[in-house]
Amino acid sequence: MKILGVLLFLFCPMAFAQMNLSFGMRGSTSLRCQQTSRSSWVPQANSLTAVYHFNGSVGTVVNGATIPSEVPGTNATATISSSTLSYASHPAAPSSLAFLQNYLTATGNASDVIGSGASSLDDLPAATWNFWVNMTIPSTGAIRLFYKSNNNSSAGYFFIIDSSGSFTFRKVHSVTNSTVQTCPLATSFNNAWRMITVTWDGTSSATSTKIFMNGFELITTGTGSVYLASPGTCLNASTYGGYTNQLAGTGGWTSDAGYPFYLTGTPVNTSSNPTSTAFVGSMDEFAIWNRALSAAEISVLYKNQKCN
């Protein structure tokens, strides 16, 4: 009995050490590799409106292919003319996490489009858009990251990154758009997977929108400033709460029903305003909520999705 007790005493610490090592290999017990889903641990799970995992078979995305959404009724469709969209594989993704195996890549063809006309994406009362992206800052012009609007006339919204390295979100109004623009990003953004989050509280105020990277708001005065080219300083940042521009919307907006939600491409009916090119890079785990997540909820989301 004494020998058995000693063996148990020796074994148990070893077992616990192995358990802690397993957690440690994933970052820590609070950094879990988890998929965006309507499971109980997801912040505001009942408010999820669409979730695109981009888990198609490795290879070219074909014309007419369905891009599944985890939320019923919000599937997207690929409209392809030149076969520049494809699925690629995460080489280090754990085999037990099937949702993380593949991701979407795009090379910027205007006619290769992923879009959804789901009615549940129309006229969101407030919203959060969250996704992972691996790309480079454009050398000229701007690249659109998501878009739903009547060509920037009076309805919808869009999100772009320009050659300065700044993200800009605009909620389209009939007179003046509500606009938020970040200070330029550090070049460390290039060619690295980053989680990007945009929240909009449903109003026209200048502070209605916030932009986050890897769970931190991209303002010069906060922890997220580490992702900026010049932490602590930026043109007009002291005026706009750490952003380089904030503008209230005027004139109200019209319904965006009937205008598809786009992730890639620049369809002809959307391409002239704003001037921007189609997405170039890789994207994964795109999710939309019909409310604005809090900073604390976004931090939890990042911890639940981060994989070392």
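Residues numbered from 1 in each chain as written. Predicted model: local features only at pLDDT ≥ 70, side-chain atom pairs only at ≥ 80, totals over all residues. Heavy atoms only, no water.

Enquirer: Kindly report on empty space enclosed by the protein, identifying the contributing residues and their values.
Expert: For the structure on display, the rule yields 1 cavity of 30 Å³ or more. Looking at the largest cavity, its volume works out to about 30 Å³. Forming the boundary of the largest cavity are Thr84, Leu85, Ala106, Thr107, Gly108, Asn109, Asp112, Thr264, Gly265, Ala278 and Phe279. Across the lining of the largest cavity, the residue classes tally to 4 nonpolar, 6 polar and 1 charged. (1 Å grid on protein atoms, 1.4 Å probe; cavity = no way out; pocket = protein on both sides within 12 Å on 5 of 7 lines; lining within 4 Å. Points joined across faces, edges and corners; volume = space filled by probe spheres on them. Nonpolar A, V, L, I, M, F, W, Y, C, P; charged D, E, K, R; others polar.)

Enquirer: Please set out the packing of aromatic side chains residue by residue, giving values where relevant.
Expert: For the structure shown, the criterion picks out 20 aromatic pairs. When the ring of Phe261 is compared with that of Phe286, the centres are 5.8 Å apart and the planes differ by 65°; the resulting orientation is edge-to-face. Here Phe261, found in strand β17 (residues 261–264), pairs with Phe286, found in strand β18 (residues 280–289); they are 25 residues apart in sequence, far enough to count as distant. Note on Phe286: relative accessible area 0%, which makes it buried. The ring centre of Tyr147 lies 4.0 Å from the NZ or CZ of Arg144, which sits over that ring. The aromatic ring of Trp253 is capped on one face by Lys171, whose charged end is 4.5 Å from the ring centroid. (Phe/Tyr/Trp six-rings, centres within 6.5 Å; stacked < 30°, edge-to-face > 60°. Helix = DSSP H or I, 4+ residues; strand = E, 2+ residues; numbered from the N terminus. Buried < 20%, exposed > 50% of the residue type's maximum accessible area, 1.4 Å probe, protein only. Lys NZ or Arg CZ within 6 Å of the ring centre and 35° of its normal.)

Enquirer: Account for the state of the cysteines, with residues named and values stated.
Expert: On inspection of all chains with the given rule, the structure shows 1 disulfide. Across the disulfide, Cys183 is cross-linked to Cys234 (sulfur-sulfur distance 2.2 Å). Given an S-S torsion of about -110°, the disulfide between Cys183 and Cys234 has left-handed geometry. Taken together, the positions of Cys183 in the loop between β12 (178–181) and β13 (194–200) and Cys234 in the loop between β15 (216–217) and β16 (245–247) put the pair 51 residues apart, joining distant regions of the chain. Here the two residues Cys183 and Cys234 agree in accessibility, since each one is buried. (Disulfide = S-S within 2.5 Å.)

Enquirer: Outline the nonpolar core, supporting the account with residue identities and numerical values.
Expert: In this structure, Trp129, Phe146, Phe159, Phe167, Phe189 and Phe286 are the most contacted members of the largest nonpolar core, which totals 53 residues. Top contributing element to this core by residue count: strand β8 (residues 127–134), with 4 residues. Residues Val42, Val71, Phe212 and Ile298 belong to the second largest nonpolar core, which totals 14 residues. (Core = buried A, V, L, I, M, F, W, Y, C linked by side-chain atoms within 4.5 Å.)

Enquirer: Help me get a handle on the pairing of strand β14 (residues 209–213), residues and values and all.
Expert: Within β14, 4 of the 5 residues are buried, which leaves it mostly tucked inside the rest of the structure. In this sheet, β14 lies alongside β13 in antiparallel orientation, the contact comprising 5 bridges. Bridged to Thr197 within β14 is Phe212. Judged from the 2 bridges that link them, β14 and β15 form a sheet pairing that is antiparallel. (Pairing = 2+ DSSP bridges.)

Enquirer: Which residues make up the pairing of strand β10 (residues 156–162), and what values do they have?
Expert: Moving residue by residue along a regular strand, the side chains alternate between the two faces of the sheet. When you tally the buried positions in β10, you get 7 out of 7 residues, the bulk of the element. As paired strands, strand β9 (residues 142–149) and β10 are joined by 7 bridges and run antiparallel to one another. Note that in β10 the partner of Ile143 across the bridge is Ile161. Hairpin remark: β9 followed by β10, antiparallel, with 6 residues in the connecting loop; positive phi at Asn151, about 60°. In this structure, β10 lies alongside strand β11 (residues 167–171), joined through 5 bridges in antiparallel fashion. Along β11, the bridge assignment pairs Tyr157 with Lys171.

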